[in-house]
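Structure at a glance
As a plain string of letters, each chain reads:
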Amino acid sequence: MPKRLLLVDDDAKNIFALTAVLKARSFQVRSCPGAREAIALLEAGEEVDALLIDMMMPEMDGYEAIPLIRSLPGRADLYILAVTAQAMLGDRELCLRAGADEYISKPIDIDRLLTLLNGAP
């Protein structure tokens, strides 16, 4: 199970709630309010086992950010979990096509999230 997570979401309430739940389950959680900040952290060598990224953010969304993250040295195999409020038919496929390993919709089902993180390499 990945222990060091990077959470990328422009909604501070989402970051607060997810961080509290994940820290209570012994995860180390670092967060960023946007994709550009996350990319900068990853370029600087931040050690993370998994990335949870909101797909709908201003400036740069997850669909644009994931391929950029995958192209960073040493990040091609980073476990990336796409998080979206859109629970429309075809959204999972769009997230996977963008390069995410898996997809989860909001509101986040914590048991499902933990299952997905348990399945991460």
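One structure accompanies this document, and this report is about it. All of these numbers come straight from a predicted model, not from anything done at the bench.

Some remarks on the packing of aromatic side chains
All told, the structure shown has zero aromatic pairs when counted by the stated rule. The positively charged end of lysine 3 is found above the aromatic ring belonging to phenylalanine 27, 5.2 Å away from the centroid.

Points about the pairing of strand S3 (residues 50-54)
Across the five residues of S3, five count as buried, placing the element largely inside the fold. Once the chain exits S3 it traverses helix H3 (residues 62-71) before rejoining the sheet at strand S4 (residues 79-84), and the crossover so formed is right-handed.

Focus on the pattern of salt bridges
This structure, assessed with the given rule, holds eight salt bridges. As a salt-bridge pair, glutamate 47 and arginine 4 come within 2.7 Å of each other at their nearest N and O atoms. With glutamate 47 in the loop between helix H2 (35-43) and S3 and arginine 4 in strand S1 (residues 4-8), this pair connects stretches of sequence that are 43 residues apart. By relative accessible area, which is 54% here, glutamate 47 ends up exposed. Under the relative-accessibility criterion, arginine 4 is labelled partly exposed at 27%. Here aspartate 54 makes a salt bridge to lysine 106, at a shortest N to O gap of 3.6 Å. Pair noted here: aspartate 54 is in strand S3 and lysine 106 is in the loop between strand S5 (102-105) and helix H5 (110-118), with a separation of 52 residues, a long-range link. Within this structure, Arg4, Glu47 and Asp49 form a network of salt bridges that share partners.

About the thresholds
- Residues numbered from 1 in each chain as written.
- Predicted model: local features only at pLDDT ≥ 70, side-chain atom pairs only at ≥ 80, totals over all residues.
- Heavy atoms only, no water.
- Phe/Tyr/Trp six-rings, centres within 6.5 Å; stacked < 30°, edge-to-face > 60°.
- Lys NZ or Arg CZ within 6 Å of the ring centre and 35° of its normal.
- Buried < 20%, exposed > 50% of the residue type's maximum accessible area, 1.4 Å probe, protein only.
- Helix = DSSP H or I, 4+ residues; strand = E, 2+ residues; numbered from the N terminus.
- Right-handed = clockwise from strand over helix to strand, strands pointing away.
- Salt bridge = Lys/Arg side-chain N within 4 Å of Asp/Glu carboxyl O.

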